[in-house]
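The lines below spell out each chain.
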Amino acid sequence: MATSSGLCFYHPEHQTWTPVTRAEGLQEDQVESLAFTPQGGLYIAYQCGGVSYCPPRKNYRQWTHVQTRWYWDEGQRVRQPVEPFGYGLPSNLCNAVIAPDAKTTWVATTCGLARRRGPQWIFTRGKDYKAKNKGIYQGMPSGCKSSGKPPVTIPPDLLPEDYVTALHACPEGIWLGFREQGAVLLDADTMKIKGKAEQLNKSKNPRAKWIKNFVTLPSGDIYAATNGGGMQYVGKTEAKPSILSAGKPAAFPKELPPVTEKNLDELLTCASKFNGKDRPIFCDYYGEDWATRGDWIGRYGWNYAILCALNAPDSVSFPRTVYPYGDAPSFRNIDIRGYIGRHKTKDDAIRNWCHWFNKPENRNVLYCPDTATRTEAEWDDHGEAYARTHDGPDLWIVFDIPEGLHELSLYFYNPNGREGNGGYRDYLVELRQWKSRFLSPSNFNLKYQPRYIPNKDPEDPFGTPDARHQNLFIKHFNGRVDELRFMHRPPVLARCRVNNFTGSGVYKSFLVTGPATFTLRILRNYSFNTIINGVFVSDLTGKSSSRPVFMHTEPYSSPGWFMYVDETLPMKAMNVWSCYLPFPGMTRLRMLQSKYAMLQAFRFLRDMGGSTPIFQQKKTSLLRQWSFQTRFWDTLSRREFDKVCQRDWKHMQDQYIERRSAEWRPYSPNVLPLSTNELRLMEKLNINWRDYLPGSGRASMSIEELKQYLEQHKK
């Protein structure tokens, strides 16, 4: 089974599952497709890492990796080969792989098609490759590396487009599916186009031309599964009997067996082997989360969160950590800034876009505790204003990270992925370290705070900056923006790919170690545009003091580094948890195993029986705490989140009068169509504002009568 967290093998004879991830030798964890050869060898195609192969005799533990260059020039501006065909893979962003025979393998990528014959790979591009070459930032550079020209008598045909989505082998050749150009039949030997899906390609529904997969029916009819256009007829091949007529079908795989103490012992032994055998984490891809969706509080952003453009044109920030002011040169505060890339028109800038003001029924939309709403908003690179073959503009996010290990998470949700061109969103995320010559705004103020002139005005006790301080601030602020021209040059330390995030939002997380400045480039990758909904930072060292996001006194979640220890609870499970919970100095090998190990400890504790109510209470409390780190959700945890949100909003309305007014936030729940001044007057007159909420049944007059009454008592 191919998953976004690696492979999982099922063994029918033992009815067990075995995970295989980067810790076991994979190039990356985001496996998009897999294919067995007739001899039992396994090819896997990664979302963001090329192709790997393992023969059956290696028990799928020793992999041979095939990758192409990530950049084809020294300045890291050209992301695909500039030739129409050549040696190797055209891209490391793969969509599908098939191995119809022992000698041949086909790989579909976002930049064309690759074929292996024997040890040699060759590729062919789409007809849009020339336009992509013209769309390179600052033009085609000199000295681009060549992929080499295969010695073929007749060159392969150019494909209808670069973005190949699906592959299907039949006696007539290889059917290729595309994102926008339907399907064609390719000659397997010459790589020449020999047929087209005429009926499908003439469809007026663009979604009917977006191919996701193919299937051959027993009658020989070939159909394409499309992204929004249903099943579409493609062509005909020879009829084959149904596999159901060949005998009894294989039994359905069993679910995961319970975790045993032996499994925990193996994880503890594995953890001890990692000590001193690998480098500590500086920057690495940590994984993704499709379960949390918009309910981020308690699971992300323990120390800092930005809900992008939520109060457009501004974002809503939640800096939850109080850092001590110090003079140490290594000290820095968390600072997060979003920018549009440099490949843009002169006056273009990042868009702060609000798509829906409030969608309380849609959990994919990030919840905002300040307003108790789910406002779908995003940073947008305005890519829709540029040609699809334009490489950019992209989104750049610059982070200042304090000392210690931090989890850096990005949230993506495509609200209009089933409408028009909104579905064409497929991003590549690159993480780099940036050694800036300038300070970020928050760290500039931290360093130069003493330069403020004291002010006797009681409403402005911090004073105002002097002219020298102000000019210096402008210099640093503009300097950071100007540095965007060069931020693509440092080496990429970690990557991931973001796609198919329409039905559910997804978090993509990295582990980074500070103090350092990092840049995240979210490449448009020839999509409709580039969007991001939220950015979150969590300190995993446990040294910083953080305020909860929710205001009420009842705590919703414990800090991620804290673990309640009790001798009545299974110590072996707690030992596994503490060994694999991310910590400063954690090695990369242990990090690669951490999510799996923590989930095993969670499952062991969850399935463990107990005889006393006290034990069950302690077990429930610990499971609840662990669920925040494993990002585990069930019906009860969703209900708890909703109830906490309601209590928190009620508490804020009791504390702050403006949160009771529909003039302040018209989409918030339980607000009155009164001004803030009118609500203050109600407070002064000892009128319970909640009596006038719809459905309360306690109002002594209508809202209009109340307004008149308040008008009479203004003085």
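Please read these numbers as outputs of a predicted model, since none were measured by experiment.

(A) Representation of the overall build of the protein. When helices and strands are tallied, the protein shows eleven helices and 37 strands. For the protein, the C-alpha radius of gyration of 29 Å lies close to 27 Å, the compact-globule estimate for 715 residues. Along the first, second and third principal axes, the C-alpha set of the protein runs to 95 × 70 × 60 Å. When the 715 residues of the protein are sorted by exposure, 51% land in the buried category. At a minimum sequence separation of 6, the contacts of the protein that also span at least 24 residues come to 67%. Element-wise, carbon and sulfur atoms account for 53% of the exposed surface of the protein, whose accessible area totals about 33,200 Å². Placing the 93 positive and 73 negative side-chain charges of the protein at their respective mean positions leaves the two points 4 Å apart.

(B) Structural detail: the pairing of strand β16 (residues 193–196). The sheet contact formed by strand β15 (residues 183–186) and β16 spans three bridges and is antiparallel. Looking at the pairing, L186 lines up with I193 of β16. Between β15 and the antiparallel strand that follows it, β16, lie six residues; M191 among them carries a positive phi value of about 60°.

(C) Geometry of the sheet that holds strand β25 (residues 351–356). What the three strands build is an open sheet, ordered β25-β28-β35; its pairing is antiparallel. Of all the strands in the sheet, just β25 and β35 (531–532) have a single pairing partner and so form its edges. Of the strand pairs in this sheet, strand β28 (residues 376–380) and β35 are connected by two bridges, and their pairing is antiparallel. The residue bridging W379 from the neighbouring strand is I532, located in β35.

(D) Seen up close, the pairing of β15. The alternating pattern of β15 places A183 and L185 and V184 and L186 on opposite faces, both of which are buried. Pairing of strand β14 (residues 173–178) with β15, which is carried by four bridges, proceeds in the antiparallel orientation. Across the sheet, residue W175 finds its bridge partner in β15, namely L185. As consecutive antiparallel partners, β14 and β15 are separated by four residues, and within that stretch G182 has a phi angle of approximately 75°, a positive value.

(E) Highlighting helix α10 (residues 676–684). For α10, the set of buried residues is E678, L679, L681 and M682. Down the axis of α10, the smallest arc covering the buried residues is 155°, so these residues share one side. Away from its buried face, by an angle of more than 90 degrees, α10 presents the exposed residues N677 and K684. Check the buried side of α10 and you find it contacts α11 (703–712). Once α10 ends, the next one or two residues include N686, with phi positive near 60°.

(F) Molecular detail of the layout of surface pockets. Size it by volume and the second largest pocket reaches roughly 720 Å³. Around the second largest pocket, the lining is made up of 34 residues, and of these N95, T165, A166, K212 and N213 lie nearest the centre. For the lining of the second largest pocket, the secondary-structure elements that each account for two or more residues are β4 (31–36), β9 (94–101), β13 (164–170), β17 (211–216) and β33 (494–499). For the lining of the second largest pocket, the element with the highest residue contribution is β9, accounting for six residues. Here the residues of the lining of the second largest pocket are counted per class, giving 13 nonpolar, 13 polar and eight charged.

(G) Inspection of the environment of R437 at higher detail. Its location among the elements puts R437 in the loop between β30 (426–433) and α4 (441–448). Accessibility expressed as a relative area gives 67% for R437, which makes it exposed. As for R437 and E483, which are separated by 46 residues in sequence, their C-alpha atoms are 8.9 Å apart.

(H) Layout of the side chain of T502. Position of T502 relative to the elements: it lies in the loop between β33 and β34 (506–523). For T502, the side chain forms a polar contact with the side chain of N414, separated by 3.4 Å. Among all residues touching T502, those that are not within four sequence positions of it are Y413, N414, G417 and R418.

(I) Expanded view of the nonpolar core. Among the nonpolar cores identified, the biggest contains 63 residues, and W296, F412, I532 and V535 are the most heavily contacted of them. With residues up to four places along the chain from it excluded, the contact list for W296 reads G301, A305, L307, F318, L366, Y367, P369, Y507, F536 and V549. In terms of nonpolar packing, the next biggest core, distinct from the first, is built from 21 residues, M574, V576, W577 and L622 among them.

(J) Fine view of helix α6 (residues 571–580). Those residues of α6 that fall on the buried side of the exposure criterion are A573, M574, V576, W577 and Y580. Along α6, the residues classed as buried sweep out an arc of 155° about the axis, all on the same side.

(K) Structural view of the environment of G118. Topologically, G118 is positioned in the loop between β11 (112–117) and β12 (120–124). Once the C-alpha coordinates of G118 and E419 are considered, the two residues, 301 residues apart in sequence, prove to be 43 Å apart.

(L) Local environment of the sheet that holds β4. Strand order in the open sheet made by the four strands is β4-β5-β6-β7, with antiparallel pairing throughout. Looking at which strands have only one partner, the edges of the open sheet turn out to be β4 and β7 (64–66). Pairwise comparison of adjacent strand axes, ignoring direction, gives a mean angle of 20° for this sheet. Sheet topology note: the strand β6 (residues 51–54)/β7 ladder contains three bridges and is antiparallel. Following the sheet pairing, Y53 is matched in β7 by T64.

Rules and cut-offs
- Residues numbered from 1 in each chain as written.
- Predicted model: local features only at pLDDT ≥ 70, side-chain atom pairs only at ≥ 80, totals over all residues.
- Heavy atoms only, no water.
- Helix = DSSP H or I, 4+ residues; strand = E, 2+ residues; numbered from the N terminus.
- Rg over C-alpha atoms; globule rule 2.2 N^0.38 Å.
- Buried < 20%, exposed > 50% of the residue type's maximum accessible area, 1.4 Å probe, protein only.
- Contact = heavy atoms within 4.5 Å.
- Areas by Shrake-Rupley, 256 points an atom, 1.4 Å probe, with all protein chains shown as cover.
- Lys, Arg positive; Asp, Glu negative; His and termini not counted.
- Charge placed at Lys NZ, Arg CZ, Asp CG, Glu CD.
- Pairing = 2+ DSSP bridges.
- Arc of directions from axis to C-beta.
- 1 Å grid on protein atoms, 1.4 Å probe; cavity = no way out; pocket = protein on both sides within 12 Å on 5 of 7 lines; lining within 4 Å.
- Points joined across faces, edges and corners; volume = space filled by probe spheres on them.
- Nonpolar A, V, L, I, M, F, W, Y, C, P; charged D, E, K, R; others polar.
- Polar contact = N/O pair within 3.5 Å; in protein donor to acceptor, adjacent residues only side chain to side chain.
- Core = buried A, V, L, I, M, F, W, Y, C linked by side-chain atoms within 4.5 Å.
- Axes fitted to C-alpha atoms, helices over the stretch in contact; angles between N-to-C directions.

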